[in-house]
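# Chain and residue survey
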Amino acid sequence: MAGFDKVVTSYAEAMDGLKDGDTIIAGGFGLCGIPEGLINEIKRKQTKELTVVSNNCGVDDFGLGILLHDRQIKKIIASYVGENALFEQQLLDGIIDVELTPQGTLAEKMRAGGAGIPAFYTATGYGTPVAEGKEVKEFDGRPYILEESITGEFAIVKAWKADRYGNLVFRHTAMNFNPMAATAGKITVAEVEEIVEPGELEPSQIHTPGIYVNRVIKGNFEKRIERVTTRK
Amino acid sequence: MAGFDKVVTSYAEAMDGLKDGDTIIAGGFGLCGIPEGLINEIKRKQTKELTVVSNNCGVDDFGLGILLHDRQIKKIIASYVGENALFEQQLLDGIIDVELTPQGTLAEKMRAGGAGIPAFYTATGYGTPVAEGKEVKEFDGRPYILEESITGEFAIVKAWKADRYGNLVFRHTAMNFNPMAATAGKITVAEVEEIVEPGELEPSQIHTPGIYVNRVIKGNFEKRIERVTTRK
Amino acid sequence: MALSREQVAMRVAQELQDGFYVNLGIGIPTLVANYVPEGIEVMLQSENGLLGMGPYPTEDQVDADMINAGKETVTAATGAAIFNSADSFAMIRGGHVDLTVLGAFEVDQQGNIASWMIPKKLIKGMGGAMDLVAGAQNIIVTMTHASKHGDSKLLEACTLPLTGVNCVKKIVTDLAVLEVKDGAFHLLERAPGVSVDEIISKTAGKLIVNGDIPEMQFA
Amino acid sequence: MALSREQVAMRVAQELQDGFYVNLGIGIPTLVANYVPEGIEVMLQSENGLLGMGPYPTEDQVDADMINAGKETVTAATGAAIFNSADSFAMIRGGHVDLTVLGAFEVDQQGNIASWMIPKKLIKGMGGAMDLVAGAQNIIVTMTHASKHGDSKLLEACTLPLTGVNCVKKIVTDLAVLEVKDGAFHLLERAPGVSVDEIISKTAGKLIVNGDIPEMQFA
């Protein structure tokens, strides 16, 4: 009887079933709150032709950027990809396709995907290149564009604590896109800093209920910082 | 300098500015998690022609139901109004207008109202009376209906704890519609069990950030229970 | 003989699978929780915002802030999560709940369901029922096969205002278990001692009876 | 003389009001936080999911899980709230942020703004800028009045791909403060020692100069 125990002990198991051509929704903002070990496992597996949905694409040697070296990514849906020279090169060379999406629209598309809302209207991007080809409708005299939701075969997220049932709690601003990403995968895998027993997390303080999470793995994190900025 | 101190000390101040014809978005599910004192104040003020948006309309002598006696409510948008004989009578007499809305659609309409999303598609209600007059669109071969968001002049919510900045934490299932209602009011008033100092609430465990809350008042709650059901 | 309410709940409980997230409606569906088969774990979702609903509280445990979608006092099971109603219906609408069990006034052979309104008689509202039938992966309806007056509730087309369309997959009545597919009711099992003829006579919609129909088994 | 970056920030800071929730973009807008007038409290929103952004951390306080929208390490102010990015942009899109200050490549007399893309040169992405300009109650753009080559950045119509339309209300450049309304730039103030003629010569779009234009005041 497996019941609701979502814990797996190997990265191979965590990413089992991922195949060429899949769409992966990834949590994280820049290098903050990213599922480092799951990304490494995707590189190890050499899965190709991936569509990646993530706010950013890491840097050249860390985060999702490491999937660029072997041309594993076919397309990325992101809001900002400016930290990655290799990415820019592959874009210019036509190896990779990018769908630039406003950050708030991207977050909402993931949430909508998980929430069974196929599309929503937003003023964001109206009158800009983002609106091209999209339906426009006025509400109260203001024009809005129709944005469709996003789901994927896999979602990979990074959390602080998980219990065995897959309930997740995020730490500080490492929360970012992770809760929405977690809802939008057919299979959602959470890489976490600590696994606790059911009952240890206060029910009303859980950020992601376990119903969204299929697998939980305890990871080791480098937690690289992009811009260490300090005061005296 | 008022800064961000949202605390008010009288109910009159808490509901100041409410006027005939306003729309009020109210948190609560049944009698659970309702802003009892704010509702009493609306009765005291005798504000009329109100549109009330709430999952339920209380019972005859408690919760929003007390606004029926003096015919203060012109219209209610709710998912379930079956606990209230006076309500049914006023409905049959044509004194009150009701827009029955599926519970999940209602919650999402409030959230959308607060989130600047004027409308969204949902499969809920397709093919039923709820869909009458609404736009239908297919996504992936399935038909969905377009539902518009809801906002109001006032939102009234009940929280467990608030700090002076208006950050709110809800207790157990008394959370229900309160967080969404809080986002959808031009003026949002929170009636709470306890007021704490800023910094006492853990930032990532705040359910409603203070940006949504204009006024906070400490209330005294009867917390009536509709159906006490126990085991031995 | 027609099943009791408890027996209907017992039969529905046989449909539960280990690891299922389940939403149980008011009435007979609520009783299903009492008959979860041994060796199986399910987690109950209550649409007001609770995943992992526990048993009713003892008198000492009663808490006004801890209720279920039926507005009854409940407890949270170990490992429960509590969230707001928008998040709760995101879960439901997004298809994350594996099974919904709910009652109905009528079901028809297209899988349409009417469960919330009887014009001029009962206008209480749909609550979360429309969201649940639009969102759940799998829907089982429990009801009596026919009304007290003997009128079938399994129709060619529902006569009452609908709750949802093309959504009911399975029906467990006091007389039978039926599957709904391809525009017809398919008889799967009959209640102990109930004849196929009785079921045929009480089913107004198109009914497919294929081969021998076994009796329901209760452990 | 043209203002320094710090002086532009100081002038923008004069627009802050007590109790304002403010989102500050990268670059000069970030500096505005250093010049909040005395007796006024504002709360800074960082769109990755932080309301109540504090100062940069000391070396001991640096935490990889605590960053701002510019991916810099930061701290949370007392009374801060942290939330996910969907909730953060709900706040922005829903118009709950009182003021957004951001940089731009170009602004035009219709209040359109181009700030995220230079075709074939710079294609990094718009990040949260499109959401911010669509959602904030009030938008102030900071930029140099003209490029290094002397080309005006205040145009009749933007030439670069837009970030948003009809949204910019006020502009603070190194030379002037201008309001955007009724299809024109309205000159409100000039930098100390900068002549109205210089501003006219460096403004390509329609510029309204009404009466005497005062110099900016710095305390």
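All values derive from a computational prediction rather than experimental measurement.

Summing up its helical and strand segments, chain C has five helices and 13 strands in all. For chain C, the C-alpha radius of gyration of 17 Å lies close to 17 Å, the compact-globule estimate for 219 residues. By principal-axis analysis of the C-alpha atoms, chain C measures approximately 50 × 40 × 30 Å. Of all 219 residues assigned to chain C, the portion counted as buried reaches 60%.

Another point: the interface of chain D and chain A. Listed per partner, the contact involves 43 residues of chain D and 48 residues of chain A. For the pair chain D and chain A, the two sides together bury roughly 3800 Å², of which 61% comes from carbon and sulfur. The largest contributions to the chain D side of the interface with chain A come from Asp65(D), Lys71(D) and Lys124(D), which together make up 21% of the buried area. In this structure, the connection of chain D to chain A is made through three salt bridges.

Three or more residues of helix H1 (residues 5-13) of chain C are buried, namely Val8(C), Ala9(C), Arg11(C), Val12(C) and Ala13(C). Tucked into the core, H1(C) has its buried residues touching helix H2 (28-31), strand E5 (99-103), strand E8 (139-143), strand E10 (170-173), strand E11 (176-181) and strand E12 (184-190) of chain C.

Moving on, we come to unusual backbone geometry. For residues besides glycine, phi is generally negative; the peptide bonds are generally trans as well. With phi around 45 degrees, His172(A) is a residue other than glycine that occupies positive phi space. Here His172(A) is to be found in the loop between strand E9 (168-169) and helix H5 (178-183). With a phi angle near 60 degrees, Gln46(B) is a residue other than glycine that sits in the positive phi range. Of note, Gln46(B) is situated in the loop between helix H2 (36-45) and strand E2 (50-53). Judged by its relative accessible area of 29%, Gln46(B) falls in the partly exposed class.

All names here are of chain C. Taken in spatial order, the 10 strands make up an open sheet running E4-E3-E2-E1-E5-E8-E10-E11-E12-E13, and their pairing is mixed. Of all strands in the sheet, those with a lone pairing partner are strand E4 (76-82) and strand E13 (207-208), marking the two edges. In the packing of H1 onto the sheet, contacts are made with E5, E8, E10, E11 and E12, and the angle to E10 comes to roughly 150 degrees.

A separate point is the interface of chain C and chain A. The interface of chain C with chain A comprises 24 residues on the first partner and 23 residues on the second. Around 1900 Å² of area is buried between chain C and chain A when both sides are counted, 63% of it from carbon and sulfur atoms. Linking chain C with chain A are zero salt bridges, by the criterion used here. Where chain C packs against chain A, one counts eight residue pairs in polar contact (both at pLDDT 80 or more). Looking at the side of chain C that touches chain A, the elements that each hand over two or more residues are strand E1 (20-24), strand E2 (42-46), E4 and helix H3 (85-93) of chain C.

The next subject is empty space enclosed by the protein. Here the structure, examined in full by the defined rule, presents 10 cavities of 30 Å³ or more. In this structure, the largest cavity is lined by 41 residues; those nearest its centre are His207(A), Asn84(C), Asp87(C), Asn84(D) and Asp87(D). Where the lining of the largest cavity is concerned, the elements lending two or more residues are helix H4 (103-115) and H5 of chain A, helix H4 (103-114) and helix H5 (178-183) of chain B, H3 of chain C together with helix H3 (85-93) of chain D. Ranked by the residues each element gives to the lining of the largest cavity, the list is headed by H3(C), at four residues. In the lining of the largest cavity, the residues fall into 23 nonpolar, 14 polar and four charged.

It is worth spelling out the side chain of Thr51(B) at this point. Here Thr51(B) lies in strand E2. Beyond its immediate chain neighbours, meaning those up to four positions away, Thr51(B) contacts Asp22(B), Thr23(B), Ile24(B), Lys74(B) and Lys75(B).

Moving on to the pairing of strand E10 (residues 185-196) of chain A. Residue and element names in this part refer to chain A. In the sheet, strand E8 (residues 152-163) pairs with E10 via 10 bridges, with the strands oriented parallel. Across the sheet, residue Ala-155 finds its bridge partner in E10, namely Thr-188. Of the strand pairs in this sheet, E10 and strand E11 (residues 215-218) are connected by four bridges, and their pairing is parallel. Note on E11: the bridge partner recorded for Val-192 is Lys-218.

A few words on the nonpolar core. By size, the foremost hydrophobic cluster in this structure holds 158 residues, and its most contacted members are Leu168(A), Leu168(B), Val141(D) and Ile171(D). Ignoring sequence-local partners within four residues, the contact set of Ile171(D) consists of Val107(D), Val141(D), Met143(D), Leu154(D), Ala176(D), Val177(D), Leu178(D), Val180(D) and Phe185(D).

Quick look at the state of the cysteines now. A covalent bond between the sulfur atoms of two cysteines is referred to as a disulfide. Applying the stated criterion across every chain yields a total of zero disulfides over all chains. In this structure Cys32(B) is not part of a disulfide, and its nearest cysteine sulfur, from Cys57(B), lies 17 Å away. Residue classification places Cys32(B) among the buried positions, given a relative accessible area of 4%. Cys167(C) carries a free sulfur, and the closest cysteine sulfur to it, the one in Cys158(C), is 9.3 Å from it. With a relative accessible area of 6%, Cys167(C) lands in the buried category.

Quick look at the environment of Pro57(C) now. Note on placement: Pro57(C) falls in the loop between strand E3 (50-53) and E4. Residue Pro57(C) is classed as buried on the basis of its relative accessible area of 0%.

This part covers the pattern of salt bridges. Following the criterion strictly, the structure yields 44 salt bridges over all chains and no others. Across the pair Asp65(D) and Lys223(A) runs a salt bridge, and its minimum N-O distance is 2.6 Å. Remark: Lys223(A) occurs in the segment after E11 and Asp65(D) occurs in the loop between strand E3 (50-53) and strand E4 (76-82); the pair is interchain, linking two chains. Between Glu198(C) and Lys202(C) there is a salt bridge, with the nearest N and O atoms lying 3.1 Å from each other. In this structure Glu198(C) comes out as partly exposed when scored by relative accessible area, which is 27%. Residue classification places Lys202(C) among the partly exposed positions, given a relative accessible area of 28%.

Inspection of the entire model under this criterion finds eight aromatic pairs over all chains. Site record: aromatic cluster; members linked through ring pairs are Phe4(A), Tyr165(A) and Tyr21(C). The residue whose ring lies beneath Arg171(A) is Trp160(A), and the NZ or CZ to ring-centre distance is 6.0 Å. Between the NZ or CZ atom of Lys71(C) and the centre of the ring of Phe29(B), over which it lies, the distance is 5.5 Å.

Cut-offs used in this document
- Sequence positions are assigned chain by chain, starting from 1 and proceeding in written order.
- Throughout, the order in which chains and ligands are written sets their labels, letters from A for the former and numbers from 1 for the latter.
- Restriction of local features to residues with pLDDT of at least 70 applies here, the model being predicted, together with a cutoff of 80 or more for giving and counting side-chain atom pairs; totals for whole chains, interfaces and linings are based on all residues.
- Working from all heavy atoms in the structure, the side-chain values ignore hydrogens and water.
- Only runs of H or I of at least four residues qualify as helices and only runs of E of at least two qualify as strands under DSSP, and these elements are numbered from the N terminus.
- As defined in this context, the radius of gyration uses C-alpha atoms, and a globule is described by 2.2 Å times the residue total to the power 0.38.
- Partly exposed residues are those whose accessible area sits between 20% and 50% of the maximum for their type, while under 20% is buried and over 50% is exposed, using a 1.4 Å probe and protein chains only.
- Contacts are assigned to residue pairs with any non-hydrogen atoms lying within 4.5 Å of each other.
- Defined in terms of a 1.4 Å probe, buried area is the accessible area two parts forfeit on being brought together, summed over both.
- We define a salt bridge as a side-chain nitrogen of Lys or Arg found within 4 Å of a carboxyl oxygen belonging to Asp or Glu.
- DSSP calls a pair of strands paired once it identifies at least 2 bridges connecting them.
- Orientation is described by lines fitted to C-alpha atoms, with helices fitted over the stretch in contact, and by angles between N-to-C directions that extend from 0 to 180 degrees.
- Each polar contact in these results corresponds to two N or O atoms within 3.5 Å; when the atoms are within protein, one needs to be able to donate a hydrogen and the other to accept it, and residues that are neighboring in sequence are counted only if both atoms are side-chain atoms.
- Cavity and pocket criteria rest on a 1 Å grid covering protein atoms alone: a 1.4 Å probe that fits but cannot get out defines a cavity, protein on both sides within 12 Å along at least 5 of 7 lines defines an open pocket, and an atom within 4 Å of a point defines a lining residue.
- Grid points are joined across faces, edges and corners, and a volume is the space filled by probe spheres set on the points.
- Just so you know the grouping, Ala, Val, Leu, Ile, Met, Phe, Trp, Tyr, Cys and Pro go in nonpolar, Asp, Glu, Lys and Arg go in charged, and all remaining residues, Gly too, go in polar.
- As used here, the term nonpolar core means buried Ala, Val, Leu, Ile, Met, Phe, Trp, Tyr and Cys residues forming a set that is joined through side-chain atoms within 4.5 Å.
- The disulfide definition used here is simple: a pair of cysteine sulfur atoms within 2.5 Å.
- Two rings from Phe, Tyr or Trp (for Trp, the six-membered ring) form a pair when their centres sit within 6.5 Å of each other. Planes less than 30 degrees apart are called stacked, planes more than 60 degrees apart edge-to-face, and all others tilted.
- Charge-over-ring contacts are defined here by two conditions on Lys NZ or Arg CZ: a distance within 6 Å of the ring centre and an angle within 35 degrees of the ring normal.

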